[in-house]
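So the chains spell out like this:
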Amino acid sequence: MGKEKIGVLLVNLGTPDSPSTKDVRKYLREFLMDGRVIDIPYIPRFLLVNGIIATFRAPKSAKEYAKLWEERGSPLKFYGYDVRDLLQKSLGENYKVSLGMRYQSPSIGEALDELKAENVKRIIVIPLFPQYASASTGSVSEKVNELVSKWQIIPSVSHINQFMDHPKFLEAFANNGKALMENQEYDHVIFSYHGLPERQIKKGSVGQQCQLGTCCNKLHEKNRYCYRAQCFYTSRELAKRLGLKEGGYTSTFQSRLGKDPWIKPYTDEVLTELPKKGIKKVLVYSPAFISDCLETTLEVGEEFKESFLESGGDVWDLVPSLNVSNTWIECLEDLVKSA
């Protein structure tokens with residue numbers, strides 16, 4: 001009897017199959033109809049997504065995706081395949097690594113079928129989101145469990161829910177920033193994370209722990225899955241590795257949608273105030289994203305840069321995401337073997 005393989009399932013958020021309006025609309029519908037993403041009852045969610053957001057936002061988003069698209073397609077997808085292949089090479093023949101997207105292709109179901117075909121004895125699921133959130137990591141875990149539960153033979157499945165504190169993750173991101181800091185002196189560093197509605201933070205609160213204030217300044221047992229607290233923790237750890245002093249950096253949140261309050265401070269509001277304080281040269285991280293994508297390359301790298309320069313700033317440099325960094329692959333390998 002040969003040695004049974006261990007399956008490794010890498011899952012990222014997803015991307016449209018092409019930058020056409022049709023494919024972008026299809027992607028937005030699947031993404032935003034997830035009850036963990038827009039956490040309101042089904043009927044109002046259906047009307048909001050299909051009647052308003054997907055209808056009117058898709059043409060604009062398609063133009064943005066067209067700017068992002070490369071010869072190999074969407075960076076989030078082709079870097080995903082590259083990471084899968086590099087991790088497979090690092091782990092060796094006793095493992096089978098598959099890549100799935102929570103929305104669109106390659107689907108989680110397709111990736112699981114690859115593992116099933118290899119008759120893996122267990123599956124290690126790594127949602128590629130450093131900080132846990134119900135709308136990202138939680139949604140991936142729910143989908144994986146739903147699909148695997150229908151198998152005749154259900155293997156052991158373990159989920160890695162967060163890795164923002166892994167030394168290799170922090171080292172990889174810090175090194176990307178240091179490469180830019182060697183050639184430019186910056187006045188300030190911004191760590192910009194994807195935002196979440198405040199209500200989602202409160203839903204996950206242990207007791208009355210989450211107050212969306214200074215309670216997030218320390219990470220401990222009761223708030224270790226609070227997304228805002230995890231982001232602040234990530235910033236503090238990266239700041240240590242970059243040699244930044246208190247006051248030399250700010251954690252902010254981007255990409256909000258709708259009128260309900262989202263976690264603060266908002267990146268687009270903070271950046272316009274910095275030049276008024278004499279802060280003209282800024283280095284920007286997006287530590288919630290392990291791959292270049294729409295939210296990093298275009299939103300932070302171009303839209304926010306334009307706003308900052310218009311507000312009186314001089315330099316706005318975006319730190320590249322981890323993409324296919326050797327240290328990032330080492331981090332994933334360690335996560336798998338530690339599990």
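Everything below is about the structure shown above.
Here's what I pulled together on the structure shown here. Just so we're clear, the structure is a prediction, and the values are computed from it rather than from any experiment.

One pass over the full model with this rule turns up 0 disulfides. Left unpaired, C216 is separated from the closest cysteine sulfur, that of C226, by 4.0 Å. Exposure remark for C216: the relative accessible area of 2% places this residue in the buried category. Looking at the unpaired C293, the closest cysteine sulfur is the one in C231, lying at 14 Å. Assessed through its relative accessible area of 6%, C293 is described here as buried.

Below, the discussion takes up the packing of helix α1 (residues 21–32) against helix α2 (residues 42–68). Geometry of a packed helix pair, given as the angle between the helix axes and the separation of the axes. Remark: α1 packs on α2, axes separated minimally by 8 Å, with the N-to-C direction vectors making an angle of 140°. The angle between α1 and α2 places the two elements in the oblique class. As for how α1 packs across α2, the hand of that crossing is right-handed. Across from T21, V24, R25, Y27, L28, R29 and L32 in α1, the residues of α2 making contact are R45, V49, N50, I53, A54, T55, R57, A58, P59, S61, A62 and Y65. Residue classes in the contact of α1 with α2 are distributed as 11 nonpolar, 4 polar and 4 charged.

Reading across the sheet, the 4 strands line up as β2-β1-β3-β4 and stay open at both edges, with parallel pairing between neighbours. Where the open sheet ends on each side, the last strands, each with one partner, are β2 (95–103) and β4 (156–159). Along the sheet, successive strands turn relative to each other by an average axial angle of 25°, direction set aside. Alignment of strand β3 (residues 122–127) against β4, held across 4 bridges, turns out to be parallel. From the neighbouring strand, I123 faces β4, where its bridge partner is V157. In this fold α1 packs onto β1 (6–14) and β2, with an angle of close to 95° to the strand it touches most, β2.

A separate point is a nonpolar patch on the surface. There is a patch of nonpolar side chains on the surface, built from Y42, I43, F46 and L47 and spanning about 440 Å² of accessible area. With respect to the element layout, I43 can be found in helix α2. A residue is classified by how much of its surface remains accessible, and I43, at 59% relative accessible area, is exposed.

Within the structure shown, the criterion is met by 21 salt bridges. With a closest N to O distance of 2.8 Å, D39 and K203 form a salt bridge. Note that D39 is positioned in the loop between α1 and α2 and K203 in helix α7 (residues 198–203), a separation of 164 residues in sequence. For D39, a relative accessible area of 14% translates into the label buried. A salt bridge links E330 to K168, with the nearest nitrogen and oxygen atoms 3.0 Å apart.

If you look at soluble globular proteins, the nonpolar side chains tend to sit buried side by side. Counting residues in hydrophobic clusters, the biggest one holds 93 residues, and the most contacted among them are V8, L9, L10, I126, F169, Y227 and W328. Ranked by the residues each element gives to this core, the list is headed by helix α8 (residues 227–242), at 8 residues. Here L10 is in contact with V83, R84, L87, V97, S98, L99, G100, I126 and L128, once residues within four sequence places are set aside. In this structure, L274, V284, V300 and F304 belong to the second largest nonpolar core, which totals 11 residues.

Within the fold, P16 resides in the loop between β1 and α1. Along the chain, P16 and E70 lie 54 residues apart, while their C-alpha atoms are 13 Å from each other. When sequence neighbours within four positions are dropped, the list of residues in contact with P16 reads D23, V24, Y27, Y65 and W69.

So, on to the sheet that holds strand β6 (residues 249–254). Spatial ordering of the open sheet is given by β6-β5-β7-β8, a layout of 4 strands whose pairing is parallel. The open sheet has two free edges, formed respectively by β6 and β8 (315–318), since each of these has just one partner strand. With strand direction ignored, the average angle separating the axes of adjacent strands in the sheet is 25°. Of the pairings in the sheet, the one linking strand β7 (residues 281–285) to β8 comprises 4 bridges and is parallel in character. Paired with K281 across the two strands is V315, which belongs to β8. The sheet strands contacting helix α6 (residues 167–181) are β7 and β8, and the helix crosses β7 at an angle near 160°.

Definitions and limits used
- Residues numbered from 1 in each chain as written.
- Predicted model: local features only at pLDDT ≥ 70, side-chain atom pairs only at ≥ 80, totals over all residues.
- Heavy atoms only, no water.
- Disulfide = S-S within 2.5 Å.
- Buried < 20%, exposed > 50% of the residue type's maximum accessible area, 1.4 Å probe, protein only.
- Axes fitted to C-alpha atoms, helices over the stretch in contact; angles between N-to-C directions.
- Helix = DSSP H or I, 4+ residues; strand = E, 2+ residues; numbered from the N terminus.
- Parallel < 35°, antiparallel > 145°, perpendicular 65-115°, else oblique.
- Left-handed = near helix turned anticlockwise from the far one by under 90°.
- Contact = heavy atoms within 4.5 Å.
- Nonpolar A, V, L, I, M, F, W, Y, C, P; charged D, E, K, R; others polar.
- Pairing = 2+ DSSP bridges.
- Patch = residues over 30% accessible without salt bridge, like charges linked within 9 Å, V, L, I, M, F, W, Y side chains within 5 Å.
- Areas by Shrake-Rupley, 256 points an atom, 1.4 Å probe, with all protein chains shown as cover.
- Salt bridge = Lys/Arg side-chain N within 4 Å of Asp/Glu carboxyl O.
- Core = buried A, V, L, I, M, F, W, Y, C linked by side-chain atoms within 4.5 Å.

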